[in-house]
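Here is what each chain is made of, one letter per residue.
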Amino acid sequence: MWYEDPMQMRYPLLAISMFALVLSGGAAEAAPPPSLRVLVIESVPSVTIEGAGLALIDTDSGRRRRMKGDSVRVLAGEGGLTANGRSRGKLINLSCGASRCRIRGRLFRGEISIAQRDDGRFSVINRVSLEDYLAGLINSEISSSWPRESIKAQAVAARTYAMNQMEAARRSASSRG
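Below, the structure is looked at part by part. The shown structure was predicted, so the numbers you read here are calculated from the model rather than taken from an experiment. (Residues numbered from 1 in each chain as written. Predicted model: local features only at pLDDT ≥ 70, side-chain atom pairs only at ≥ 80, totals over all residues. Heavy atoms only, no water.)

### Some details on the nonpolar core
Soluble globular proteins tend to bury their nonpolar side chains together.
Piece 1. Membership of the largest hydrophobic core comes to 22 residues, with the highest contact counts inside it found for Ile49, Leu94, Ile112, Ile114 and Val124.
Piece 2. Elements that contribute at least two residues to this core include exactly strand E1 (35-44), strand E2 (46-50), strand E5 (71-77), strand E6 (80-83), strand E8 (91-95), strand E9 (101-103), strand E11 (111-116) and strand E12 (122-129).
Piece 3. Top element by residues in this core is E1. It accounts for 3 residues.
Piece 4. One finds Leu36, Leu134, Ala158 and Ala162 within the second-largest nonpolar core, a separate group that totals 6 residues. (Core = buried A, V, L, I, M, F, W, Y, C linked by side-chain atoms within 4.5 Å. Buried < 20%, exposed > 50% of the residue type's maximum accessible area, 1.4 Å probe, protein only. Helix = DSSP H or I, 4+ residues; strand = E, 2+ residues; numbered from the N terminus.)

Written out as structure tokens, the structure is:
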């Protein structure tokens, strides 16, 4: 059917849209924003993480419990990792909260994972949203005095690289499992 007036098309399109919405069971849920893991420190026996909103994330339930104080000292031992003197197993997950965490003088957003390795030492990993990662990367690699187009080009290149790395990791994981 051909419509002379484009406004006449709106009602059939609205009906089709409503029908598709009913079939789908309601509004589509927004996908969670992509996040990535960035190795911060590798193979260390101890580290101190500082931050005003530090919270311990339970590995099983995902519940967050606010830490006492504004820092946590993690040590590697034969029985696993300890955080502020308490045994925590081989994996510790921390949330930086709304603020940022400081590790060895560098600031991080998102969540921090401390994973014990087979040699007894551990690695520190930052899990961060793609947008926060890019903001931190751009701020650390480029001067705000650079031309705006240069900053945009760097952002596009960094996003493309990060997305390609995430896709490669996803493909690798799906081929293994």
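### As for the state of the cysteines
Piece 1. By the definition in use, this model includes 1 disulfide.
Piece 2. A sulfur-sulfur separation of 2.0 Å characterises the disulfide bridge that pairs Cys96 with Cys101. Across the disulfide from Cys96 to Cys101, rotation about the S-S bond amounts to roughly -120°, and the bridge is consequently left-handed. Exposure class is identical for Cys96 and Cys101. Each is buried. (Disulfide = S-S within 2.5 Å.)

### Quick look at the sheet that holds strand E3 (residues 55-57)
Strand pairing in a sheet takes place through backbone hydrogen bonds and is either antiparallel or parallel in direction.
Piece 1. Pairing is antiparallel across the open sheet formed by 6 strands, whose spatial order is E1-E12-E11-E8-E3-E4. The open sheet is flanked by E1 and strand E4 (64-66), the only strands paired with a single partner. Averaged over all pairs of adjacent strands, the angle between their axes in this sheet comes to 25°, without regard to strand direction.
Piece 2. The sheet contact formed by E8 and E11 spans 5 bridges and is antiparallel. Within E11, the position partnered with Ser95 by the bridge is Glu111. (Pairing = 2+ DSSP bridges. Axes fitted to C-alpha atoms, helices over the stretch in contact; angles between N-to-C directions.)

Nothing here speaks to function; it is all geometry.
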